[in-house]
Amino acid sequence: PPYTPRGAGGWSAMGGRSPHVRAGGRGAAARAPGGLTGMPVRVSWDGNEWESPSCSLLSLKYAADIQFVPARVHGDGGLEAFRLDDGIVYQCYAPQDAYTNKDVTAAQKRKITKDLGTLVNNPIQTQALLGAEYRIRRWVLLTPEFDDKDVLKHARKEEKKLLPRTPRPPWLTEGDGSRIPVT
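Residues numbered from 1 in each chain as written. Predicted model: local features only at pLDDT ≥ 70, side-chain atom pairs only at ≥ 80, totals over all residues. Heavy atoms only, no water.

Caption draft 1: The arrangement of the overall build of the protein chain in detail. Scanning the protein chain from N- to C-terminus turns up four helices and eight strands. Put simply, the protein chain runs from its N terminus to its C terminus through helices and strands in the order β-β-β-β-α-β-β-β-α-α-β-α. For the protein chain, with 183 residues in total, the buried portion stands at 44%. If you take every contact in the protein chain between residues at least 6 apart in sequence, the share linking residues at least 24 apart comes to 63%. Surface accessibility of the protein chain: about 10200 Å² in total, with carbon and sulfur atoms responsible for 56%. (Helix = DSSP H or I, 4+ residues; strand = E, 2+ residues; numbered from the N terminus. Buried < 20%, exposed > 50% of the residue type's maximum accessible area, 1.4 Å probe, protein only. Contact = heavy atoms within 4.5 Å. Areas by Shrake-Rupley, 256 points an atom, 1.4 Å probe, with all protein chains shown as cover.)

Here it is, written out as structure tokens:
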């Protein structure tokens, strides 16, 4: 079954009911692939506004092979969801009140550091959440805006700190195949 959103309201790809959407985006028409223009661009997000459609899409794509992690009680442990079939975990994130590219980039970098730190600093909790045999090979940050390659550079830096760690977190795959993509 599709992911059920937490909270009221709703989200619409066309701008829907949120008061935080303005047509054309930051002073110019948004440009979609294929040259389409005029799509609304989100200026400010509530955490659930981004999480809900992201998790719905994951649910539609992976159906029974995805496990969502509830955050209501003591947070989500740095994971929004994890695939049961291949070692890919997801964290949804939309910076709130980040109106400039610089603010968005800084917030995304902080989120990568914070959530990977949560996984690394709580290995027993992380392994209990994932299951004894589960190994993460890829941690994916799902974000609505990704405009600065510095976020990728930061992810690579965090990846390099994580891979040679001793002792190696029990949930991390062996070898250097682990990745931290930002999408």
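Caption draft 2: Focus on the environment of I88. For I88, the location among the structural elements is in strand β7 (residues 88-92). Expressed as a C-alpha distance, the spacing of I88 and V140, which sit 52 residues apart in the sequence, is 7.3 Å. The residues touching I88, leaving out its near neighbours within four places in the chain, are F82, R83, Y134, R137, R138 and V140.

Caption draft 3: How the structure looks around helix α4 (residues 150-162). With 13 residues, α4 extends 18 Å between its outermost C-alpha atoms, agreeing within 8% with the 18 Å of an ideal straight helix rising 1.5 Å per residue. For α4, the complete set of buried residues consists of V151, H154, A155, E158, E159 and L162. Down the axis of α4, the smallest arc covering the buried residues is 140 degrees, so these residues share one side. Of the exposed residues in α4, the ones pointing more than 90 degrees away from its buried face are K153 and K160. (Expected span 1.5 Å × (residues − 1). Arc of directions from axis to C-beta.)

Caption draft 4: Here's a closer look at the sheet that holds strand β5 (residues 66-68). Across the sheet, which stays open at both edges, the four strands sit in the order β5-β6-β7-β8 with mixed pairing between neighbours. Looking along the sheet, the strands with just one partner apiece sit at the ends: β5 and β8 (138-142). This sheet shows a mean twist of 20 degrees between the axes of neighbouring strands, independent of strand direction. Both β5 and strand β6 (residues 81-83) contribute to a ladder of three bridges, which runs antiparallel. (Pairing = 2+ DSSP bridges. Axes fitted to C-alpha atoms, helices over the stretch in contact; angles between N-to-C directions.)

Without other data, these values stay purely geometric and don't point to any function.
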